[in-house]
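Residue-level structure breakdown
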Amino acid sequence: MSNATEKLLSGMLVGGLLGVVIGMLLAPRAGKETRAMMQEEMGKRYDDSTKKLKETAETVQKTVKEETSKMGSKLSDLSGKLETAGRETLERFKQKKNENEKEEVAAGTVVDL
């Protein structure tokens, strides 16, 4: 073999060995190991998502309770105001009716039905 051929073959051998070593260092994990790692990561994310979803649901439930209570109070107040207004209107109607009847009696224009 000539000197140039020896250099070429030794260069190819060293390059090949370097390629194998670098490939082994940079190669992805074994499939079983990768699946286990992914399963663990997905489990963590599932747990985190479940925890956040539960916290959000509790917050929403608390807010709905508070707002429902506020609305109940407002409706109760409104109901009381409507009842008072209804009673006042009925009282004014009765007073007006009595005044009209008195005026009719005084004027002598009472009409019995």
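Before reading further, recall that the structure is shown in the block above.
Scoring rules and cut-offs
Along each chain, the written sequence defines residue order, and numbers are assigned to residues from 1. Only residues with pLDDT of 70 or above have their local features reported here, since the model is predicted, and side-chain atom pairs are shown and tallied only from 80 upward, although totals for entire chains, interfaces and linings are computed over all residues. Side-chain metrics in this entry use all non-hydrogen atoms of the structure; hydrogen atoms and water are not considered. Note on conventions: DSSP H or I runs of at least 4 residues are helices, E runs of at least 2 residues are strands, and numbering of each starts at the N terminus. Between buried and exposed lies partly exposed: a residue is buried under 20% and exposed over 50% of the maximum accessible area for its type, with that area taken using a 1.4 Å probe on protein chains only. For salt bridges, the criterion is a side-chain nitrogen of Lys or Arg within 4 Å of an Asp or Glu carboxyl oxygen.

Here we look at the overall build of the protein chain
When helices and strands are tallied, the protein chain shows two helices and zero strands. Burial status across the protein chain gives 0% buried among its 113 residues.

Considerations on the pattern of salt bridges
In the structure shown here, the tally under the stated rule is five salt bridges. In this structure, the salt-bridge partner of Glu67 is Lys70, at a minimum N-O distance of 3.4 Å. In this pair, Glu67 and Lys70 are both assigned in helix H2 (residues 31–107), three residues apart and thus about one turn of the helix distant. Overall, the relative accessible area of 47% leaves Lys70 in the partly exposed class. Between Lys97 and Glu101 there is a salt bridge whose closest N-O contact spans 4.0 Å. Here the residue Lys97 and the residue Glu101 both occupy positions in helix H2, the gap between them amounting to four residues, near one helical turn. A relative accessible area of 45% places Lys97 in the partly exposed class.

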